[in-house]
Amino acid sequence: MRFIRLLLSLVAVPVISLSAQNANPFFSEWKTPFGAPPFAQIKEDHYLPALKEGVTRQKAEIAAILKNPEAPTFKNTVEALEATGQLLTKVGGVFFNMTESMSTEKLQGIAQDVAPMLAAHGDDIALNPELFKRMKAVYDQRTSLKLTPEQQIVLARTYRDMVRGGAMLEGAQKDRLRKINEELSLLELKFGESLLKETNAFRLFIDKQTDLKGLPEGVIAGAAEAAKKAGKPGQWLFTLHSPSIWPFMQYSENRDLRRKMLAAYSTRANHGGATDNNAVIAKVASLRVEKAQLMGHKTWADFVLEERMAKTPAKAVALLNQIFTVSLAKAKGEAKDLQAMIDAEKGGFKLEAADWRFYSEKVKKARFDLDENALGAYFPIDRVRDGAFEVARKLYGITFRERKDIPVYHPEVKAFEVKEKDGKTLGLFYTDFHPRASKRGGAWCNGFRTAQLIEGGEILPLVVNVCNFTAPTADTPSLLTPDEVRTLFHEFGHALHALFTRCRYNTSSNNIPTDFVELPSQVMEHWAVEPAVLKSYAKHWKTGEVIPDAQIAKMQKAGSFNQGFATTEFTAAAILDMDWHGLTDTKIQDTATFEKASVAKMGLMPEILPRYRSTYFAHIVGGYSAGYYSYLWSAVLDADAFQAFKEKGDIYHPETAAAFRREVLSRGGAGDAAEMYRTFRGADPKVDALLVNRGLK
């Protein structure tokens, strides 16, 4: 439900004066192309008053539903509730995006004020006995109502969300749930703020050219530019942001500095003091156990997975264990190859975690004659982006045209109008591709506005991809690594999902299981590395030369190289997530001891760290708690889905693409995910395609 998802507060809110409303852009219709947010007009002081006014309006809208003397119906209760909170949705679509990509101390302060308010408002609606009484009256008639399939789903989910929100709890239990939700909202906010500060705090300045040995010219140039911006010209700056740390770990010949970088990365928010997250994650886990048990579930994982494709923790863990077993065996073989390289060079030391990427690159180059750094010249970011656009055109007939007249929130952001083959506008797509101190790490897809079918037309979606790719330098454009290329296609897949979704109700648009929502993103990664697709966009940034067939052949041969390591570190993190959320009592854990026991239980080799450790595992503090397994669950789906195209002998097969758009991309959450997939594919997926693709079988 929108009112629960936004989690906006129900507090005593003063009425906003007419003059204040006139000065605040959130209170007026936006006269921009497609009603896009007028970012230049929106000031930080506008958010809180707009959120509070939104609360006032939604309170009045819900009060009107409860005062309706007519018997509860789908239209006057469920549909009426769906229509509430439009101002909150409008403000939240901008505010929450800005706190992630344009964070400031003032925005963080507003978020601190808003967080408990948000939790309280969601609770006040979900726990409203009169509203639940009306909702239950409609739900109890569901078999006799003449509802569309989408309306049936909306009714069932809205009722279920209220139950899962605590509507059937009594007195003291409801009070305790409110307190838990308030505390969780603040803890989750603190976790993210501390992680951002810790990530930005570490800076490795190098002042000796000898310490740069092994690093590619482009990496050195980027580090020189970063140092110059930091006020230390003539030096080189390396940080914990992905485009900086991972090339350093891959190419730097200075083992001591590699160790220093990885130690800083893997101990973020784990140093004591105000930004330490050990107590935060432990308290979050404890509160989630308590909340789950209030709701009648043994663990938080049981509570969460009830709404996912996996349905039970046992099924998710079974998949993780199956994949971990084969990937760890593969990784141990890879470790032997790396140790052999160390020994051949007379290194005189045992392989460590800080050595893996460096020696993996050496082994790959020796085995396949493939230099990933040299590949970057064929991946200038604009051409890769246009390559993704071209894949979408060939699959679905849509086109992208940059619009300079659409407001953006940062000079690096670009806005594109997306059109159907017949010229009809599908939505707007924004790209925000490079790191900055105000942006959290990682890559994600968000929306400023969700698509919705309305009477006589539709509300167009406004979708944004936010990433942290290698930045351009004074002499070169942004040249992506192969991993960054896959990430660009991945996030673009999420964007296509958001652009194509067309539902009448926000509840069906937004209720997509996490272990299904990664299917549209991950399937796009397959096109990124297909030879025919590579030749369409991978062109040398200087000469325009198409990537040679010989290089593509090497990439194909090396496609499953190091997948033991990559899959093991990922699966280890997913298992750690399930361990945290498989707790059955509220005892506060010692985070370090708990994580050590989890790693020991799974049998993870010491040369590999989980991709995310507890104090910087932002996914599981946010929307992927007991859900990091979702990427692997969806990976089974995406490997099988792409196989549907391969079986036709055409990666752009029109009928298959049309079916995928119709049955998966356009339906959002307006159906059971497993049934939607079966309708597209004609059968349930099997894990075999995933294991074969990764060279694990």
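Residues numbered from 1 in each chain as written. Predicted model: local features only at pLDDT ≥ 70, side-chain atom pairs only at ≥ 80, totals over all residues. Heavy atoms only, no water.

Caption draft 1: Spatial organisation of the overall build of the protein chain. Within the protein chain, the secondary structure is distributed over 31 helices and 9 strands. Computed over the C-alpha atoms, the radius of gyration of the protein chain is 25 Å, within 12% of the 26 Å expected from 2.2 N^0.38 for a compact globule of 697 residues. Its C-alpha atoms put the protein chain at 85 × 60 × 55 Å along the principal axes. Total accessible area on the protein chain is roughly 28900 Å²; 53% of this is exposed by carbon and sulfur atoms. (Helix = DSSP H or I, 4+ residues; strand = E, 2+ residues; numbered from the N terminus. Rg over C-alpha atoms; globule rule 2.2 N^0.38 Å. Areas by Shrake-Rupley, 256 points an atom, 1.4 Å probe, with all protein chains shown as cover.)

Caption draft 2: Up close: the sheet that holds strand β3 (residues 399–402). Spatially, 5 strands are ordered β3-β4-β5-β9-β6 in an open sheet, and the strand pairing comes out mixed. Looking along the sheet, the strands with just one partner apiece sit at the ends: β3 and β6 (444–449). Each strand of the sheet is rotated relative to its neighbour by a mean of 30°, with strand direction disregarded. Pairing of β3 with strand β4 (residues 414–419) involves 4 bridges; the strand directions are antiparallel. From the neighbouring strand, Glu402 faces β4, where its bridge partner is Phe416. On top of the sheet, helix α5 (residues 86–101) reaches β5 (425–432), β6 and β9 (462–466); it is set at about 150° to β6, its chief contact. (Pairing = 2+ DSSP bridges. Axes fitted to C-alpha atoms, helices over the stretch in contact; angles between N-to-C directions. Contact = heavy atoms within 4.5 Å.)

Caption draft 3: Local environment of the side chain of His497. Looking at where His497 falls in the secondary structure, it is placed in helix α19 (residues 482–500). A residue is classified by how much of its surface remains accessible, and His497, at 3% relative accessible area, is buried. Residues contacting His497, with those up to four places away along its chain left out, are Ile512, Val517, Pro520, Val664, Leu665 and Gly668. (Buried < 20%, exposed > 50% of the residue type's maximum accessible area, 1.4 Å probe, protein only.)

Caption draft 4: Representation of helix α28 (residues 630–647) within the structure. In this model α28 runs 26 Å from its N-terminal to its C-terminal C-alpha over 18 residues, within 8% of the 26 Å that 1.5 Å per residue would give. Where burial is concerned, most of α28 is hidden: 15 out of the 18 residues are buried. Positive backbone phi, approximately 75°, marks Gly649, located one or two places after α28. (Expected span 1.5 Å × (residues − 1).)

Caption draft 5: Layout of the nonpolar core. Ranked by size, the top nonpolar core spans 160 residues in total, and within it Phe238, Phe379, Phe400, Phe489, Phe516, Trp527 and Tyr537 carry the most contacts. Ignoring any residue separated from it by four or fewer positions in sequence, one finds Phe379 in contact with Val384, Ser478, Leu479, Leu480, Pro482, Val485, Leu534, Tyr537, Ala538 and Met555. Listed in part, the 30 residues of the second largest apolar core include Ala36, Leu51, Ile406 and Tyr409. (Core = buried A, V, L, I, M, F, W, Y, C linked by side-chain atoms within 4.5 Å.)

Caption draft 6: Geometry of the packing of α28 against helix α30 (residues 673–681). The N-to-C vectors of α28 and α30 enclose an angle of 15°; their axes lie 11 Å apart at closest approach. Between α28 and α30, the interaxial angle falls into the category roughly parallel. For the element pair α28 and α30, the recorded crossing hand is left-handed. In contact with Leu637, Asp640, Ala641, Gln643, Ala644 and Glu647 of α28, α30 contributes Tyr677, Phe680 and Arg681. In the contact of α28 with α30, the residues fall into 5 nonpolar, 1 polar and 3 charged. (Parallel < 35°, antiparallel > 145°, perpendicular 65-115°, else oblique. Left-handed = near helix turned anticlockwise from the far one by under 90°. Nonpolar A, V, L, I, M, F, W, Y, C, P; charged D, E, K, R; others polar.)

Caption draft 7: Molecular detail of the environment of Gly387. Tracing the backbone through its elements, the reader meets Gly387 in helix α18 (residues 381–396). Residue Gly387 is classed as buried on the basis of its relative accessible area of 3%. Each C-alpha atom of the pair Gly387 and Gly682 lies 30 Å from the other, and the pair is 295 residues apart in sequence. Setting aside residues no more than four positions away along its own chain, Gly387 makes contact with Phe489 and Tyr537.

Caption draft 8: Spotlight on helix α16 (residues 356–368). Spanning 13 residues, α16 covers 17 Å between terminal C-alpha atoms, matching the ideal 18 Å at 1.5 Å per step. Inspection of α16 places Trp356, Phe358, Tyr359, Ser360, Glu361, Val363, Lys364 and Phe368 among the buried residues, and these make up the whole buried set. Along its buried surface, α16 packs onto α11 (242–251), α12 (255–266), α15 (313–344), α17 (372–375), α24 (549–557) and α25 (563–580). Of the residues flanking the end of α16, it is Asp369, one or two places downstream, whose phi is positive at about 55°.

Caption draft 9: Up close: the packing of aromatic side chains. The full count for this structure, using the stated rule, is 44 aromatic pairs. Sitting above the plane of the Phe358 ring, Arg258 keeps its charged end 4.3 Å from the centroid. (Phe/Tyr/Trp six-rings, centres within 6.5 Å; stacked < 30°, edge-to-face > 60°. Lys NZ or Arg CZ within 6 Å of the ring centre and 35° of its normal.)

Caption draft 10: Looking closely at the pattern of salt bridges. The tally for this structure, following the rule as stated, stands at 52 salt bridges. Notably, a salt bridge pairs Glu458 with Lys424, separated by 3.4 Å at the nearest N-O pair. Residue Glu458 is found in strand β8 (residues 457–459), and its partner Lys424 is found in the loop between β4 and β5; the two are separated by 34 residues along the sequence. Judged by its relative accessible area of 23%, Glu458 falls in the partly exposed class. A salt bridge links Asp688 to Lys697; its shortest N-O distance comes to 2.6 Å. On the accessibility criterion, Lys697 (62% relative accessible area) is exposed. Through salt bridges with shared partners, one network takes in Arg255, Asp256, Arg258, Arg259, Glu352 and Asp355. (Salt bridge = Lys/Arg side-chain N within 4 Å of Asp/Glu carboxyl O.)

Caption draft 11: Looking closely at the environment of Phe680. Tracing the sequence through the fold places Phe680 in helix α30. Remark: the alpha-carbon pair of Phe680 and Ala657, spanning 23 residues in sequence, is separated by 9.9 Å. Apart from the residues within four sequence positions on either side, Phe680 is in contact with Ala641, Ala644, Thr656, Ala659, Phe660, Glu663 and Val664.

Caption draft 12: Molecular detail of the environment of Ala574. With respect to the helices, strands and loops of the structure, Ala574 is situated in helix α25. Put simply, Ala574 and Ala115 are 459 residues apart on the chain and 27 Å apart in space, counted from C-alpha to C-alpha. In contact with Ala574, other than residues within four places in its own chain, are Leu320, Tyr628 and Tyr629.

Caption draft 13: Representation of unusual backbone geometry. One non-glycine residue, Ala269, adopts positive backbone phi at about 55°. A relative accessible area of 0% means that Ala269 is categorised as buried.

Caption draft 14: Structural view of the state of the cysteines. In the structure shown here, the tally under the stated rule is 0 disulfides. Unpaired in this structure, Cys467 has its nearest cysteine sulfur neighbour in Cys445, at a distance of 9.1 Å. Cys445 provides the cysteine sulfur closest to Cys503, a residue in no disulfide bond, and the two sulfurs are 16 Å apart. (Disulfide = S-S within 2.5 Å.)

Caption draft 15: Highlighting the confidence of the model for the protein chain. Of all residues in the protein chain, 97% attain a pLDDT of 70 or more, and the chain-wide mean is 94. Segment residues 1–16: pLDDT under 50, and 61 contacts once partners within four positions in sequence are set aside and those in other chains are kept. (pLDDT = per-residue confidence, 0-100.)

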